[in-house]
Amino acid sequence: MAASSCFQGIKDGIVTRFAPSPTGYLHLGHAASALAGWRLARESGGRFLLRIEDIDPVRCRPDYIDAIVEDLAWIGVTSDGPVRRQSAHLPDYRRVLDALSARGLLYPCFCTRAAIAREAQEAAHAPHRAPDGTLAYAGTCRALSPGQRAEWIREGRPYVLRLDMARALHIAGGDCVTWRERGQGVQTGRPGLFGDVVLARKDIPASYHLCVTHDDAAQDVTLVSRGEDLRPATAIHRLLQILMGWPEPEYVHHALLLDGEGRRLAKRDRALTLRAMRAAGMTPDAVRDAALGRPAPQSA
């Protein structure tokens, strides 16, 4: 496996990372997340790594990658090592999928999003929502025979690869997983509440859950610093770490920056970007203060 089985070469301090997707320019929320991980590493004499989650061939753009590096450098955040691009490591993710498949933990799912939503609406009971608010998959294609799966694949029907959650939990030894949250101690999560999650998409042999967990192990990340919105996903990531024998990092989930209407800053809502702030004359110090929630200095 590409991922290491232990934290190699880390003698002092911690290793954190910031892993944005190059689907737009960084905004203040991104700056807050990057600074959180960067400061944790600096305060411990550790290392901070930049990772680019560019597995989406449609939405990700090279010019956004350049802009990410430039904008982070402008606020004083640089990577203590080569910038890892996930698109360069698709064979590594494929090997993980092959290993899980060989253990009977994956199955092809031919259901479209529309079909999944329709099935949920037609169910006699209320649709099951995962802890992150997404619609949990009911497992329709899990019951397909090997022959039916093979026939549809030969026909060229598009499919994703899903984790057989029940089988995975059996191998992991129970319905619950635990992790250590910095400042809060041991936390407990139930991956089964997410249903059979997607580990490989129709267009690429990877998914967020697979890539992020693999790369944290491959890069010897010892402290995963990320936004509070990703806390629920930790249960899935811990399950994958157990299944693959990867190291267990510590976690810390920071509060999200909100806009004037109480919504978290997001690209889709056209949150003000760092380069727009720079163009407007803001200094790096002012942007860092805003990202860290520090009050602006009062004029004399």
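Residues numbered from 1 in each chain as written. Predicted model: local features only at pLDDT ≥ 70, side-chain atom pairs only at ≥ 80, totals over all residues. Heavy atoms only, no water.

Counting all residues, the mean pLDDT for the chain is 89, and 87% of those residues have values of 70 or more. Taken together, the stretch residues 1-11 has pLDDT below 50 and engages in 28 contacts with residues farther than four places along the chain or on a different chain. Per-residue pLDDT stays below 50 along residues 295-300; that stretch engages in 0 contacts with residues further than four places along the chain or on separate chains. (pLDDT = per-residue confidence, 0-100. Contact = heavy atoms within 4.5 Å.)

This next bit is on the packing of aromatic side chains. The tally for this structure, following the rule as stated, stands at 3 aromatic pairs. Ring centres 5.2 Å apart and planes at 85° place the aromatic pair Phe 110 and Trp 152 in the edge-to-face group. You can see Phe 110 sitting in the loop between strand E4 (106-109) and helix H4 (113-122) and its partner Trp 152 sitting in helix H5 (residues 146-154), a full 42 residues away along the chain. Overall, Trp 152 belongs to the buried group, its relative accessible area being 18%. Considering the side-chain rings of Phe 110 and Tyr 159, the 5.6 Å spacing of their centres and the 55° angle between planes classify their relative orientation as tilted. Residue Phe 110 is found in the loop between E4 and H4, and its partner Tyr 159 is found in the loop between H5 and strand E5 (160-163); the two are separated by 49 residues along the sequence. The exposure class of Phe 110 is buried, given its relative accessible area of 10%. Relative accessible area serves as the criterion here: at 30%, Tyr 159 is assigned to the partly exposed category. These aromatic residues form a ring-pair network of at least three members: Phe 110, Trp 152 and Tyr 159. Directly above the aromatic system of Trp 152 lies the positively charged group of Arg 157, at a separation of 4.1 Å from the ring centroid. Its guanidinium or amino end placed over the ring of Trp 74, Arg 278 lies 5.2 Å from that ring's centre, counting from NZ or CZ. (Phe/Tyr/Trp six-rings, centres within 6.5 Å; stacked < 30°, edge-to-face > 60°. Helix = DSSP H or I, 4+ residues; strand = E, 2+ residues; numbered from the N terminus. Buried < 20%, exposed > 50% of the residue type's maximum accessible area, 1.4 Å probe, protein only. Lys NZ or Arg CZ within 6 Å of the ring centre and 35° of its normal.)

Bringing the pattern of salt bridges into the picture now. Two side chains carrying opposite charge are able to pair once their charged atoms lie near each other. For the structure shown, the criterion picks out 22 salt bridges. Across the salt bridge formed by Arg 85 and Asp 54, the nearest N and O atoms sit 3.0 Å from each other. Linking Arg 85 in strand E3 (residues 84-85) with Asp 54 in the loop between strand E2 (47-52) and helix H2 (62-74), this pair joins segments that are 31 residues apart in sequence. On the basis of relative accessible area, Asp 54 is assigned to the buried category, the value being 7%. In this structure, the salt-bridge partner of Glu 70 is Arg 278, at a minimum N-O distance of 2.9 Å. Of this pair, Glu 70 sits in helix H2 while Arg 278 sits in helix H9 (residues 274-279), and the two are 208 residues apart along the sequence. One network of salt bridges, with partners in common, ties together Glu 70, Asp 71, Arg 275 and Arg 278. (Salt bridge = Lys/Arg side-chain N within 4 Å of Asp/Glu carboxyl O.)

Time to look at the sheet that holds E5. On the basis of which strands lie adjacent, the open sheet formed by 3 strands has the order E4-E5-E8 and antiparallel pairing. Lying at the two open borders of the sheet, with one neighbouring strand each, are E4 and strand E8 (198-200). Each strand axis lies, on average, 45° off the axis of its neighbour in the sheet, ignoring direction. The pairing of E4 with E5 spans 4 bridges and is classified as antiparallel. The partner of Tyr 107 across the bridge, within E5, is Arg 162. (Pairing = 2+ DSSP bridges. Axes fitted to C-alpha atoms, helices over the stretch in contact; angles between N-to-C directions.)

Let us now look at the packing of helix H7 (residues 208-218) against helix H8 (residues 234-244). Any two packed helices are characterised by how steeply their axes cross, that is the angle between the axes, and by the distance between the axes. At their nearest, the axes of H7 and H8 sit 10 Å apart, and the two run at 60° to each other. It follows from the interaxial angle that H7 and H8 lie oblique. When the axes of H7 and H8 are compared, the crossing they make is right-handed. Residues Tyr 208, His 209, Leu 210, Val 212 and Thr 213 of H7 form the contact with H8, whose own contacting residues are Ile 236, His 237, Leu 240 and Gln 241. Taken together, the residues of the contact of H7 with H8 break down into 5 nonpolar, 4 polar and no charged. (Parallel < 35°, antiparallel > 145°, perpendicular 65-115°, else oblique. Left-handed = near helix turned anticlockwise from the far one by under 90°. Nonpolar A, V, L, I, M, F, W, Y, C, P; charged D, E, K, R; others polar.)

Here we come to helix H6 (residues 165-172). For H6, the complete set of buried residues consists of Met 165, Ala 168 and Leu 169. Looking straight down H6, one finds its buried side chains confined to an arc of 95°; they lie on one side. Exposed side of H6, more than 90 degrees from the buried face: Ala 166 and His 170 are the residues found there. Against the buried residues of H6 lie E5 and H8. Once H6 ends, the next one or two residues include Gly 173, with phi positive near 95°. (Arc of directions from axis to C-beta.)

In terms of residue burial, H8 counts as a mostly covered element, since 10 of its 11 residues are buried. Along H8, the residues classified as buried are Thr 234, Ala 235, Ile 236, His 237, Arg 238, Leu 239, Leu 240, Gln 241, Leu 243 and Met 244. Immediately beyond the C-terminal end of H8, within one or two residues, lies Gly 245, with a positive phi of roughly 70°.

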